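Survey of secondary and tertiary structure
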Amino acid sequence: MDLIFVADGNGVLMDINPAGLALMGYDGGMDTIGREPMNALLEDAAEGDRILALMASQGFVKDHECALRTADGAQVEILLSMTARRHPDGRIVEYEGIAKDITHRKQMLQQLLRADRLAS
């Protein structure tokens, strides 16, 4: 149930799979999101700029932790992996990516850390 997406070379979302739309709380399909830049869905827009800078220099991002903002304003912690597709002249023409929801895993880790502190 991962979020899988495709964005154009400017970072504007073109498609998100149904599981990703459900995760984000947009059950009405891509029309409910509109043609937003990828950064608009991130909790921290500056983080989006850092990700795009990495994409420009390396061409990919692997297992990058960040947070998405859902339709109702909630926060979802994700593990993001992306790849850039380049035109033969070198410019980025498309982004493809997958985001795994790790919110529950991070909450469990916090609970374990609290329990460990209480035990000591």
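Residues numbered from 1 in each chain as written. Predicted model: local features only at pLDDT ≥ 70, side-chain atom pairs only at ≥ 80, totals over all residues. Heavy atoms only, no water.

Inspection of every chain in the model, using the stated rule, returns nine salt bridges. In this structure, Glu47 engages Arg50 in a salt bridge whose closest nitrogen and oxygen atoms are separated by 2.6 Å. Of this pair, Glu47 and Arg50 are both found in helix H3 (residues 45–58), three residues apart, which corresponds to roughly one turn of the helix. Note on Glu47: relative accessible area 12%, which makes it buried. For Arg50, a relative accessible area of 44% puts it in the partly exposed group. Arg85 is the partner of Glu96 in a salt bridge, and the nearest nitrogen-oxygen pair spans 3.1 Å. One end of the pair, Glu96, is in strand E5 (residues 92–101); the other, Arg85, is in strand E4 (residues 75–86), with 11 residues separating them in the sequence. (Salt bridge = Lys/Arg side-chain N within 4 Å of Asp/Glu carboxyl O. Helix = DSSP H or I, 4+ residues; strand = E, 2+ residues; numbered from the N terminus. Buried < 20%, exposed > 50% of the residue type's maximum accessible area, 1.4 Å probe, protein only.)

For the rest of this paragraph, the subject is the side chain of Ser81. Mapped onto the secondary structure, Ser81 falls in strand E4. By relative accessible area, which is 19% here, Ser81 ends up buried. In terms of polar contacts, Ser81 uses its side chain to reach the backbone amide nitrogen of Asp63, at 3.1 Å. Excluding residues within four positions of it along the chain, Ser81 makes contact with Val61, Lys62, Asp63, Glu96, Gly97 and Ile98. (Polar contact = N/O pair within 3.5 Å; in protein donor to acceptor, adjacent residues only side chain to side chain. Contact = heavy atoms within 4.5 Å.)

All right, on to the pairing of strand E2 (residues 13–16) then. Here strand E1 (residues 3–8) runs beside E2; their pairing, made up of three bridges, is antiparallel. Residue pairing in the sheet places Val6 in a bridge with Asp15 of E2. Counted along the chain from E1 to the antiparallel partner E2, the turn is four residues long, and its residue Gly11 has a positive phi close to 85°. (Pairing = 2+ DSSP bridges.)

The end-to-end C-alpha distance of H3, which contains 14 residues, comes to 20 Å, matching closely the 20 Å that a straight helix rising 1.5 Å per residue would cover. Residues of H3 that are buried include every one of Glu47, Gly48, Ile51 and Met55, and no others. Mapping the buried residues of H3 onto a view down its axis gives an arc of 100°, with all of them on the same face. For H3, the N-terminal cap is Asp44; the gap from its side-chain oxygen to the backbone nitrogen of Ala46 is 3.1 Å. One or two steps after H3, the chain reaches Gly59, where phi turns positive at roughly 90°. (Expected span 1.5 Å × (residues − 1). Arc of directions from axis to C-beta.)

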